[in-house]
Amino acid sequence: MIIKTSMALFVALLAVLLVGKAGHGADDMMKKAAKNAEKAVQKSAPAAAKPAPNETAAAEAAFQKLAKELYPKAQKEGNLIVYSVWDVEHIRAITEAFTKRYPGIKATYWQGRNPEIVTRVLTEFQGGQASVDIVLSDNAPAVLRAAGAMASYDTVQKNVLVLHDPTLPTVSLQVQALAFNTKKIKLAEMPKSWEDVANPKYKGLIALDDPMRAGPLSSMLAGLKDQWKDDGRFKNFIRNLKALNAPVHKSTSAMFRLVISGEYAICMPALLHDVINEKEKGTPVDYVRGVAPIVFPRVAGIYAKAPNPNTAKLFAEWAISQEGQKVIDSVGRESSRKDFKSKTSIESAFPKGTKAVPVTDKLFLEDPKKWLDTYVKPIWEG
Amino acid sequence: MPLLASTVAGAAIVTPVLIVLWRSFTTGKLGFSVGLNLNNYLRVFADRDILPMLGNSVLYAAGSAALGTGLGAMLAWIVARTNTPGKALVELMPLYPILMPPIMKNIAWILLLAPRSGILNGMLQQFFGIETLVFNAFSMAGMIWVFGLACVPLGYLFLLPVFLSFDPSLEESAYIAGSRPVHTMLKITFPLAVPAFLSALVLNFLRGLRSFETPVLQGTPGNIKVFVSRVYDSMALEFNTGLATAYSIVLVALSVITLYFYVRATRFSERYATITGKGYRVKVIDIGPWKYVTFAAVFLYFLAGIAIPFVVLIVVSMIPYYDYETFMKFPSNMVLANFYTVLRHPSFITGLYNSLSLSISIAVITVFLGIIMAFTIYRTRAVGTKIFEFIGTLPLAFPPLVLSVGLVIIFLGTPLYNSLWALGIGLFVAYFPYAFRNASGAIVNIHKELDEAAWVHGARWRHVFFKITLPILKPSVGGALFYIFIEAVRNVDVAVLLTAPGKEYGPVTLFEYFRVGQWAEAAAGGVIYLIILIVAVSVAKLAFKMKFSL
């Protein structure tokens, strides 16, 4: 055992030297790729009206045509490696449906939290490792793009998407809603807007997601800031939120559980699919339909050094297609398409004409720390 | 040879640490290489908020370590040295709480102690009309209580072998001189257990300093910020492992100070030698009617350590959702859907199987090398071996995510990356401090005269080690093996970056449910997991008479 351990260490030390060398080369590549990413202007649209039937048909035709080209190449590659923040059950269901649709491809996955995904992919990227094809997540891919670790890929089905990013294919959405415990507060007494949440009369009733982490509340702030385009209003909102002296949580899901338990009456914010799933089970939670949902893209980003790039593209396109969206919807995640109706789609869950607030601020997406230090920290911690 | 083996083990620990240290001087945001500079450290020293955070961290870690280690030591003494009734039960009761993962205790105690929705405050209100919110999970006291309970197993497992291998002549001399049992216990028994006690205390203190789940789940809502959150923010917001390492250096400094006091306190190791060349049998003390009090103490710990949180989790896993009202309606509202969901999960069984096989090997290797390192320090004449005191404890000062980055960098580009070997070495590095501190605490209690007798007769190191030291350390070995196996089998934070795609490690479902906040499903998974382990431990203990340091 000692001999084997010594050998492992020898190999390890050798690897350090090699990685050290490779690291410098990787840095140059990263800087170059980061510059390219800078050029990629994010074009995002808020929740818009349903696309015309011909747009749906055109998207489907474009997908089928591309899939026909990609599938033989993907078959030759034979593998798909996915890193994801999603629940293992969801990743399994989605990758199994994909491999069933496209036989000859074997899918494997690794699941971690966003910081773990970013740390792993960046370390692998800087070490020159061709380790993963798809990063299926919300916060991680944009950050990785800023480091040059994501390949730019524009989907052929862009016209049917609620939020479109020309470099990262949006396969689902994170939709935030204003949720509450129906045993603790009546709908009529609930805030009528996000801004209204900061009203002093709700003091003692609310729990907040930590606005100083890259989580749902900070992304909501980024979305609202963009929408309001009014610094005074934005600063006042944060100041008033702070004045509530509300308990702050670093885990949105733990906070939501405590709202269900009755510890708090109002959840700022909750994820729509969680609220709908719980509501269906008879849990005493609901959400305010009049408060505009905040939408954040969940993407299937393609790794810059993907060992199976054609399979990665095929997967991203399939996930956006009607067929892929059905699978994504079946595990309870929101569709990214305007023409896909499900219980968690904005069209079904909110009144007609509701305009969602998209989170598209490039600085927030790629460097949340800098954005928070600039716009939130001086007020929140000042 | 022991020096060589210790050096190899030390190198395995030091290499990832050196890598992350190097990167702390050369890496900026997003892992970009920025040339040799001190920027990360300048930022740490310029951070005005870290002092109050450090104050909270030290209070939390010291409070939990004192509570947990003290309670563990008391339980070990009761089990080993008193005539407390119900011997078989008393021996088993302190073991079961070890099986419960700390995160499960967190969730259960939050549900018990939450101010407005907690079970205990609800009961006080419903049955006694007390409107005041007596309990508060989101307070420093609540954090210390919950993490303190998680610290008990180390205290118990480290102290038990010491009390079991005690030369009673020391106590008998005191009795002959007219000392009363309590006086003897305080003046003779406990002082001789100081090295093992301090070993467990140091480990628990360092665990507390870097612990994250309890401060996140219980501290943040109560506006209690701890230092380690800065390390995690560096990773989660700036994706800068260099800065995270620079922050971790503060923890390393605290570890060095703690170890300095430990080494000073135990520098005359002969003073603590309770295992000598004389033959003896461990004496059980008749504590009279106090034996019922000690039984009650063990039983109370059993209730707080596992029974109450376990019952809470069972109920939570079987009700449609948790709130006090729904909880109290149980069992009329019982549903089994959560169990169905967990058992149907595609990777519950495979993850458990993978981790079982690796954890057994890792526990054996780690414990063995831990003893060798402690042997090198205390039983060989090689120069400079005290450095191993520091090296052997070093991994505990680094938050697991930071340490795993160093390991990933080591293995990248080699055939070891994404292999079980890499994961195994990662787990070895992470758990080595437990094996090492356990062995060093125990080895100090063995009088050198036993080795010296062998040396005088021309024995070589291997004879001394395998024929004398190792057999005497058997009780400690059992405890450490059991502890490291239980910890490694459920490891998430070290394993996460080292697990290959497609190879689940650990009962992933259970921890995934906790991580994503599905508490009912998590509770169901936890109940299944605990039942498997409780049955395994009970069968091992009762049917096969297996000793977990008992």
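Definitions and limits used
- Residues numbered from 1 in each chain as written.
- Chains lettered and ligands numbered in written order.
- Predicted model: local features only at pLDDT ≥ 70, side-chain atom pairs only at ≥ 80, totals over all residues.
- Heavy atoms only, no water.
- Helix = DSSP H or I, 4+ residues; strand = E, 2+ residues; numbered from the N terminus.
- Buried < 20%, exposed > 50% of the residue type's maximum accessible area, 1.4 Å probe, protein only.
- Contact = heavy atoms within 4.5 Å.
- Areas by Shrake-Rupley, 256 points an atom, 1.4 Å probe, with all protein chains shown as cover.
- 1 Å grid on protein atoms, 1.4 Å probe; cavity = no way out; pocket = protein on both sides within 12 Å on 5 of 7 lines; lining within 4 Å.
- Points joined across faces, edges and corners; volume = space filled by probe spheres on them.
- Nonpolar A, V, L, I, M, F, W, Y, C, P; charged D, E, K, R; others polar.
- Axes fitted to C-alpha atoms, helices over the stretch in contact; angles between N-to-C directions.
- Parallel < 35°, antiparallel > 145°, perpendicular 65-115°, else oblique.
- Left-handed = near helix turned anticlockwise from the far one by under 90°.
- Expected span 1.5 Å × (residues − 1).
- Bend = angle between axes of the 7 residues up to and from the residue.
- Phe/Tyr/Trp six-rings, centres within 6.5 Å; stacked < 30°, edge-to-face > 60°.
- Lys NZ or Arg CZ within 6 Å of the ring centre and 35° of its normal.
- pLDDT = per-residue confidence, 0-100.
- Buried area = accessible area lost by both parts, 1.4 Å probe.
- Salt bridge = Lys/Arg side-chain N within 4 Å of Asp/Glu carboxyl O.
- Polar contact = N/O pair within 3.5 Å; in protein donor to acceptor, adjacent residues only side chain to side chain.
- Arc of directions from axis to C-beta.
- Pairing = 2+ DSSP bridges.

Peer 1: Go over the overall build of chain A, please, and point to the residues and values.
Peer 2: Each helix and strand counted, chain A has 15 helices and twelve strands in total. Residue burial in chain A is summarised as follows: out of 382 residues, 61% are buried. Contacts in chain A between residues far apart in sequence, at least 24 positions, make up 78% of those at least 6 positions apart. Summed over its atoms, the accessible surface of chain A is roughly 14500 Å², and 56% of this surface lies on carbon and sulfur atoms.

Peer 1: Can you explain the overall build of chain B? Please cite residues and give values.
Peer 2: Per the secondary structure count, chain B includes 27 helices and zero strands. Pairs at least 24 apart in sequence give 80% of the contacts found in chain B among residues at least 6 apart. Summing over all exposed atoms, chain B offers an accessible surface of approximately 20500 Å²; the carbon and sulfur share of this is 70%.

Peer 1: Summarise the layout of surface pockets; cite the residues concerned and give the values.
Peer 2: Here the idea is plain: a probe the size of a water molecule rolls over the atoms and shows the empty space left. Reported here for the second largest pocket is a volume of approximately 1200 Å³. M212(A), E381(A), M53(B), K225(B) and R230(B) are, among the 45 residues lining the second largest pocket, the residues nearest its centre. Of all the secondary-structure elements, those providing two or more residues to the lining of the second largest pocket are α14 (368-375) and α15 (377-380) of chain A together with α2 (39-46), α3 (50-81), α12 (213-219), α13 (228-236) and α14 (241-265) of chain B. No other element matches the four residues that α13(B) contributes to the lining of the second largest pocket. Split by residue class, the lining of the second largest pocket holds 20 nonpolar, eight polar and 17 charged.

Peer 1: Help me get a handle on the packing of helix α22 (residues 448-456) of chain B against helix α23 (residues 461-472) of chain B, residues and values and all.
Peer 2: All names here are of chain B. At a minimum axis separation of 10 Å, α22 and α23 run at an interaxial angle of 155 degrees. Classified by the interaxial angle, the pair formed by α22 and α23 is roughly antiparallel. Here the hand of the crossing between α22 and α23 comes out right-handed. Residue-level inspection shows L450, D451, A454 and W455 of α22 in contact with α23, the latter providing W461, V464, I468, T469 and I472. Of the residues in the contact of α22 with α23, the class split is seven nonpolar, one polar and one charged.

Peer 1: Provide a residue-level description of helix α21 (residues 420-443) of chain B, including the pertinent values.
Peer 2: All names here are of chain B. For α21, which comprises 24 residues, the first-to-last C-alpha distance of 32 Å matches the rise-based estimate of 34 Å (1.5 Å per residue) to within 8%. At Y431, α21 shows its largest bend, some 45 degrees, and a proline, P433, comes one to four positions later. With 22 of its 24 residues buried, α21 lies for the most part within the structure.

Peer 1: Give me the lowdown on the packing of aromatic side chains, citing residues and values where you can.
Peer 2: Summed over the entire model, instances satisfying the criterion amount to 24 aromatic pairs over all chains. Ring geometry for W109(B) and W145(B): centres 5.6 Å apart, planes at 90 degrees, overall edge-to-face. One end of the pair, W109(B), is in helix α6 (residues 102-113); the other, W145(B), is in helix α8 (residues 140-164), and 36 residues separate them in sequence. Note on W109(B): relative accessible area 5%, which makes it buried. For K242(A), the ring lying beneath its charged end belongs to W380(A), and the centroid distance is 5.2 Å.

Peer 1: Describe unusual backbone geometry, listing the residues and the values that go with them.
Peer 2: Cis rather than trans, the peptide bond between M268(A) and P269(A) has omega equal to -10 degrees. You can see P269(A) is positioned in strand β8 (residues 266-271). A positive phi angle is found at K229(A), which is not glycine, with a value near 50 degrees. Within the element layout of this structure, K229(A) appears in the loop between α6 (216-228) and α7 (231-243). The phi torsion at N418(B) lies on the positive side, around 65 degrees, for a residue other than glycine.

Peer 1: Describe the packing of α6(B) against α8(B), and please don't skip the residues or the numbers.
Peer 2: A pair of packed helices is characterised by two quantities: the angle between their axes and the separation of those axes. All names here are of chain B. Contact geometry of α6 with α8 gives a least axis separation of 10 Å together with a crossing angle of 145 degrees. The interaxial crossing formed by α6 with α8 has right-handed handedness. Packed against α6, whose contacting residues are P102, K105, N106, W109 and L113, the element α8 presents W145, V146, L149 and A150 at the interface. Of the residues belonging to the contact of α6 with α8, the class tally is seven nonpolar, one polar and one charged.

Peer 1: Report on the confidence of the model for chain B, specifying residues and quantitative values.
Peer 2: In the predicted model, chain B carries a mean pLDDT of 82, and the fraction of residues at 70 or more is 92%. Here helix α26 (residues 508-516) of chain B is the element of chain B with the lowest mean pLDDT, 66, and helix α7 (residues 119-128) of chain B is the one with the highest, 95.

Peer 1: Give me the lowdown on the interface of chain B and chain A, citing residues and values where you can.
Peer 2: The interface of chain B with chain A comprises 72 residues on the first partner and 69 residues on the second. Here chain B packs against chain A, burying approximately 6100 Å² in sum over the two surfaces, 63% of which is carbon and sulfur. Of the charged contacts, one joins K183(A) and E325(B) as a salt bridge, the two residues approaching to 3.7 Å between their closest N and O atoms. Taken together, chain B and chain A are joined by twelve residue pairs in polar contact (both at pLDDT 80 or more). Of the residues forming the side of chain B that touches chain A, the biggest block, seven residues, is contributed by helix α1 (residues 2-26) of chain B. For the side of chain B that touches chain A, the per-class residue count stands at 41 nonpolar, 18 polar and 13 charged.

Peer 1: Tell me about the pattern of salt bridges, residues and numbers included.
Peer 2: All names here are of chain A. Per the stated rule, a full pass over the model turns up 30 salt bridges over all chains. The shortest N-O distance in the salt bridge between R145 and E366 comes to 2.9 Å. In this pair, R145 is assigned in helix α5 (residues 139-146) and E366 in helix α13 (residues 362-366), connecting sequence segments 221 residues apart. Ionic contacts of the salt-bridge type, sharing partners, join the residues R145, D165, K362 and E366 into one network.

Peer 1: Quick one: what's the story with α7(A), residue by residue and with numbers?
Peer 2: Residue and element names in this part refer to chain A. Between its terminal C-alpha atoms α7 stretches 18 Å, which fits the 18 Å expected from 13 residues at 1.5 Å a residue. Among the residues of α7, those classed as buried are F234, F237, I238 and L241. Relative to the axis of α7, the buried residues are bounded by an arc of 90 degrees and lie together on one face. Looking at the buried side of α7, the elements it contacts are β6 (206-209), α6, β8, α14 and α15. Of the residues that open α7, the one with a side-chain oxygen 3.2 Å from the backbone nitrogen of G232 is D230. N245 occupies a position one or two residues after α7 and carries a positive phi of about 50 degrees.

Peer 1: So what's going on with the pairing of strand β3 (residues 134-137) of chain A? Residues and values would help.
Peer 2: The side chains of a regular strand alternate, residue by residue, between the two faces of the sheet. Residue and element names in this part refer to chain A. Burial along β3 is two-sided: I134 and L136 and V135 and S137, pointing in opposite directions, are all buried. Sheet topology note: the strand β1 (residues 79-84)/β3 ladder contains three bridges and is parallel. From the neighbouring strand, Y83 faces β3, where its bridge partner is V135. Taken together, the four bridges between β3 and strand β10 (residues 294-303) define a ladder with antiparallel strand orientation. Bridge assignment links S137 to a residue of β10, and that residue is V299.

Peer 1: Residue-level account of the environment of A12(B), with values.
Peer 2: Residue and element names in this part refer to chain B. Tracing the backbone shows A12 in helix α1. Judged by relative accessible area, A12 falls into the buried class, the value being 5%. For the pair A12 and I425, spaced 413 residues apart in sequence, the C-alpha separation works out to 7.9 Å.

Peer 1: Report on empty space enclosed by the protein, specifying residues and quantitative values.
Peer 2: What the rule picks out here adds up to eight cavities of 30 Å³ or more. Volume-wise, the second largest cavity comes out at about 80 Å³. T119(A), L122(A), T123(A), Q126(A), R23(B), L30(B), G31(B), M235(B), F239(B), N240(B) and T241(B) are the residues that line the second largest cavity. Here the element with the most residues in the lining of the second largest cavity is helix α4 (residues 114-126) of chain A; it accounts for four residues.

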